[in-house]
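These are the residues of each chain, in order.
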Amino acid sequence: MKYLIVGLGNIGPDYHETRHNIGFMVVDALAKEAGVTFNDGRYGFTTTLSVKGRQLLLLKPSTFMNLSGNAVRYWMQKENIPLENVLVIVDDLALPFGTLRLKGKGSDAGHNGLKHIAAILGTQNYARLRFGIGNEFPRGGQIDYVLGHFTDEDWKTMDERLKTAGDIIKSFCLAGIDITMNQFNKK
């Protein structure tokens, strides 16, 4: 069984380890733990890993955030992966830093990456793992905050939060979304 695990972010050194790139950071941590490296391919950087017989295709779209749907659609079609086996990892301003919430569907909540994926796929019924980045910015400062870097305080728990996000992804693929939400959304 194949799964498409999409970490949202923007390519290039200017965006490296910014809050908006937490999706990239999650799949990077998962790949590092598995000892696999990403290859530059069509619409993004990909690698595969196996978890107890499940094939996970990790994707970091190279389309920039606002066109993420192009990469998701391409890799779903190329690898023949059904919508229910797609999981998108995304930054979320509405959650405190490090809070992780798995959802089976939902609105884009103003997130341009999710908005484009929904527009291209024609549905909002795909799983997403929301990684809280907090919202401690002044009025009108959202863009600078999202494209800014994590604080020293955030970095103190980053490795543990990235590991937990990886555990959620593996559970999603092995146990399914309902069991995984029940197990992890309370933490």
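The protein chain carries the name Peptidyl-tRNA hydrolase in an unreviewed UniProt entry, which gives Bacteroides cellulosilyticus CL02T12C19 as its organism. What UniProt records for the protein chain under Subcellular location (unreviewed entry) is the sentence "Cytoplasm". UniProt lists a comment for the protein chain under the heading Catalytic activity (unreviewed entry), and it reads "an N-acyl-L-alpha-aminoacyl-tRNA + H2O = an N-acyl-L-amino acid + a tRNA + H(+)".

1. Let's talk about the packing of helix H5 (residues 152–175) against helix H6 (residues 177–184)
Relative orientation of the contacting elements H5 and H6 amounts to 150 degrees, with a least axis distance of 7 Å. Taken as a pair, H5 and H6 cross one another with a handedness that is right-handed. Residues Thr164, Asp167, Ile168, Ser171, Phe172 and Ala175 of H5 touch H6, and the partners they reach there are Ile177, Ile179, Thr180, Gln183 and Phe184.

2. Description of the nonpolar core
Formed by 32 residues in total, the largest nonpolar core has its most connected members in Ile5, Ile22, Leu129 and Ile169. Per-element accounting of this core gives the leading share, seven residues, to H5. Excluding residues that lie within four positions of it along the chain, Ile169 makes contacts with Ile5, Val26, Leu30, Leu56, Leu87, Ile89 and Leu129.

3. Some words on the pairing of strand S7 (residues 127–132)
Residues in a regular strand point their side chains to alternate faces of the sheet. Counted residue by residue, S7 has six buried out of six residues, so it is predominantly covered. Across the two faces of S7 the burial is the same, with Ala127, Leu129 and Phe131 and Arg128, Arg130 and Gly132 all buried. Bridge count for strand S5 (residues 86–92) against S7 is six bridges, and the pairing is parallel. When the bridges of S7 are listed, Asp92 appears paired with Gly132. The sheet contact formed by strand S6 (residues 100–103) and S7 spans four bridges and is antiparallel. Across the sheet, residue Leu100 finds its bridge partner in S7, namely Phe131.

Conventions we followed
Residues numbered from 1 in each chain as written. Predicted model: local features only at pLDDT ≥ 70, side-chain atom pairs only at ≥ 80, totals over all residues. Heavy atoms only, no water. UniProt positions renumbered as here; feature names shortened; annotations may be inferred. Axes fitted to C-alpha atoms, helices over the stretch in contact; angles between N-to-C directions. Helix = DSSP H or I, 4+ residues; strand = E, 2+ residues; numbered from the N terminus. Left-handed = near helix turned anticlockwise from the far one by under 90°. Contact = heavy atoms within 4.5 Å. Core = buried A, V, L, I, M, F, W, Y, C linked by side-chain atoms within 4.5 Å. Buried < 20%, exposed > 50% of the residue type's maximum accessible area, 1.4 Å probe, protein only. Pairing = 2+ DSSP bridges.

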